[in-house]
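Descriptive structure summary
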There are 2 protein chains.
Amino acid sequence: MIKAILFDISGVLHVDNAPVTGAIEAVQLARDEQKVVRFVTNTSRHTSTDMLQSLLRMGFDLSMDEVLTAPGAVRLVLQQRHLRPYCLVHEQLRPEFADLDQTSPNAVVIADAAEGFNYENMNRAFQLIMEGAPLLGVGLNRYFRQNDQLQLDAGPFIAALEYACDVEAEILGKPASAFFQTAVTSTGFAAEEVLMVGDDAFADVEGALAAGLRACLVQTGKYTPGDEEKIRHPGAWLCRSVVEAVHRVVNPSDYYSNK
Amino acid sequence: MIKAILFDISGVLHVDNAPVTGAIEAVQLARDEQKVVRFVTNTSRHTSTDMLQSLLRMGFDLSMDEVLTAPGAVRLVLQQRHLRPYCLVHEQLRPEFADLDQTSPNAVVIADAAEGFNYENMNRAFQLIMEGAPLLGVGLNRYFRQNDQLQLDAGPFIAALEYACDVEAEILGKPASAFFQTAVTSTGFAAEEVLMVGDDAFADVEGALAAGLRACLVQTGKYTPGDEEKIRHPGAWLCRSVVEAVHRVVNPSDYYSNK
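Just so you know, these numbers come straight off a predicted model, no measurement behind them. (Residues numbered from 1 in each chain as written. Chains lettered and ligands numbered in written order. Predicted model: local features only at pLDDT ≥ 70, side-chain atom pairs only at ≥ 80, totals over all residues.)

As a further point, take the overall build of chain A. Each helix and strand counted, chain A has 9 helices and 14 strands in total. Taken over C-alpha atoms, the radius of gyration comes to 18 Å for chain A, in line with the 18 Å a tight globule of 259 residues would show. Every one of the 259 residues in chain A was classed for burial, and the buried ones make up 50%. Contacts in chain A between residues at least 24 apart in sequence constitute 65% of all its contacts with a sequence separation of at least 6. (Helix = DSSP H or I, 4+ residues; strand = E, 2+ residues; numbered from the N terminus. Rg over C-alpha atoms; globule rule 2.2 N^0.38 Å. Buried ≥ 20, exposed ≤ 12 C-beta atoms within 10 Å, placed from the backbone. Contact = placed C-beta atoms within 7 Å.)

As C-alpha cells, this is what we get:
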C-alpha cells in the first residue's frame, strides 16, 4: 500500500512551460486520497523559490516545505562542512549560494550550468580538484528534454571531472540514497510505502529502487522507448504519465486484478 | 634487448616550446646505437605536418615517416569506413580532416578541442551519438601540462559523452593496443623489443605494457610525483627524463648490475 508519492517535476508534472495533461488533477487526487506528496528534483537551472513559483503559476497546489531540491542538499552540506565552493552552476541558480563565502574555493560544486560548461570553467574546476577540493554534484542525470531536443545535464560533466582527476564525486541529489532517505523521512512513512514517479530511468527509478522505495517510470519528458529495459532492479512500474501513476496508487486493484 | 624506441613528443622531447635538456642528443644517441626510433603522439592541437616542422625547428632530427599521430589513425578509419565526421577538434587540426565529406555527419570525432569544448558543441556531438553515430576518440588522455598549468585533454570530454549516451568510444590513439601494434609493426621488431617512453602513466605506460611492449615513465611534462603508483602492470621503468631512458637502453648493465 503506497502512502506517499514523490513527484519528479520537470518532464513529469510539466514539459517545457506547460503542465502535462491531467497532472494538476492527478496531484490533487493524491492529496484527496490522503497520500502525502513531495516534489523532488535535481533541476538546477532555478532556485527552489523560482521553481515553486513557476509550478504555482502553472496551476499546481504545493508549498515550499513540500519541495526538496538537489541544490538545496548541496547548500546544506557546504554549510555543515564550512566549505567555500567554486560553483559551476547556472546563472539563475547563483542566488541559492550567494550568501556563502566563495573566495579561495576549497570545494567544487557542479550543477546543470548549461553554457557555463565551457573549457575555461571546466579547467578551473579540474585544477581545484587536483589540488584536493572535493567534487560535489547535484546529480548524475545524463540529459533532459527541452524544446523537443535532448540536452546534456550535469552528469556527463561530473563524469568528465571524475575521469580527469581519478576521483569519485559526492552526489547529493538523485540517485543518491541519502537524498531519497531525506525525502522518505519527511513523509513519516517507511521507504517501501513511498513511490517515486520520474522520467529518468537512472536517477529517479534505479535510484529510488536501490534506496528501498517503490518507483514508476513515466513515458513523458525525457522518456525514450526502451528506457525501461535499462532498469536493473526489479519491480518498477511503467506508466504512460503521472496521471496513470496516481490512478494506479489510488486504485491498485484495477492494475493487479487483470495481471 | 631493446631494439626500437617509441618517443612520446609533448612532455618528453619538449615542454612548451623548448626541448627537454639533452633530449636532442638522446634521440641522436639512440640512432647512433642503431636503435629504430618512432615519434608517437595523441597530441591533437596540430596536424602531423605542423608537429614535424616544430620539432625540426627545435633541432630534432626526424622525418615524416617516423611520426605516428592519433589524428592520423582517426583519419584512416574514417576513410576506410566512408564515415562523414562531426569533428569536435582544435581549429589547428581542421586541415587534417578538411578533404573529408562533413555534411550530414554520421560519426563524431573528439580530439583535444580546447575552447571548442563548449556546451553547444558538446550537445551537438551528444545528439548525433544518440541518433546512432559512432564516437571516435584520439585518446583517453586526461590532461597535459602547458605554461606550468595542468589543462584538460580530450579524454574527460570523451568520458562525458560515453556516460551521457551509455556507449563506449572507439579509441584510435594511445592507449589503444592497435595503435601501439601499428607502431611496433613499422619498426620490424617484436613488441617486447620495443620501448615506449612517455610522461602519461595511463596512455603511454599502461597502454604500452598492455600491448606487450616495454615502457618507461619519465618525470618531465605532465608527470606528478606518485604517478608511477597508478601503473597496474609490472615492469615499468621510471627515469628522470628521456636522457636517462635512452642511456638505460644503450647501457643496460649500468642499471641492472647495481640492483
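The discussion continues.
In this section: the sheet that holds strand S11 (residues 170–171) of chain B. What holds strands together in a sheet is hydrogen bonding between their backbones, with the strands either parallel or antiparallel. Residues and elements named next belong to chain B. A sheet is described by the order of its strands in space; here 4 strands give the open sequence S6-S7-S8-S11, paired in parallel fashion. Either end of the sheet is taken by a strand with one partner, and the two such strands are strand S6 (85–88) and S11. Examined bridge by bridge, strand S8 (residues 135–137) and S11 share 2 bridges and lie parallel to one another. Residue pairing in the sheet places glycine 137 in a bridge with isoleucine 171 of S11. (Pairing = 2+ DSSP bridges.)

With that settled, the discussion passes to the interface of chain B and chain A. Opposite the 24 residues of chain B that make contact, chain A presents 24 residues. Mapped onto the side of chain B that touches chain A, the elements with two or more residues apiece are helix H4 (119–130), strand S10 (149–152) and helix H5 (154–165) of chain B. It is H5(B) that provides the largest number of residues to the side of chain B that touches chain A, a total of 8 residues.

With that settled, consider the packing of helix H5 (residues 154–165) of chain A against H5(B). A pair of packed helices can be characterised by two numbers: the angle between their axes and the separation between those axes. Viewed as axis vectors pointing N to C, H5(A) and H5(B) meet at an angle of 135°, and their least axial separation amounts to 7 Å. The orientation of H5(A) relative to H5(B) falls into the category oblique. In this structure, H5(A) crosses over H5(B), and the sense of that crossing is right-handed. Contacts from Gly155(A), Pro156(A), Phe157(A), Ala159(A), Ala160(A), Leu161(A), Tyr163(A) and Ala164(A) of H5(A) reach H5(B) at Gly155(B), Pro156(B), Phe157(B), Ala159(B), Ala160(B), Leu161(B), Tyr163(B) and Ala164(B). (Axes fitted to C-alpha atoms, helices over the stretch in contact; angles between N-to-C directions. Parallel < 35°, antiparallel > 145°, perpendicular 65-115°, else oblique. Left-handed = near helix turned anticlockwise from the far one by under 90°.)

Residue and element names in this part refer to chain A. If you check the domain split of chain A, you get domain 1 (4–42 + 175–256) and domain 2 (73–171). Inter-centroid distance (C-alpha atoms) of domain 1 to domain 2 is 26 Å. Listed by partner, the interface residues are 12 residues for domain 1 and 13 residues for domain 2. Looking at side-chain class alone, the side of domain 1 that touches domain 2 contains 5 nonpolar, 4 polar and 3 charged residues. (Domains from an automatic or database assignment. Nonpolar A, V, L, I, M, F, W, Y, C, P; charged D, E, K, R; others polar.)

With that settled, the discussion passes to the packing of helix H1 (residues 23–32) of chain B against helix H8 (residues 242–250) of chain B. Residues and elements named next belong to chain B. Where H1 contacts H8, the two axes come as close as 9 Å, and the packing angle between them is 20°. Considering their axes alone, H1 and H8 lie roughly parallel with respect to each other. Considering only the axes of H1 and H8, their crossing is left-handed. Of H8, the residues touching H1 (which contributes Ala23, Ala26, Leu29 and Ala30) are Val242, Val243, Val246, Val249 and Val250. Counted by class, the contact of H1 with H8 contains 9 nonpolar, no polar and no charged residues.

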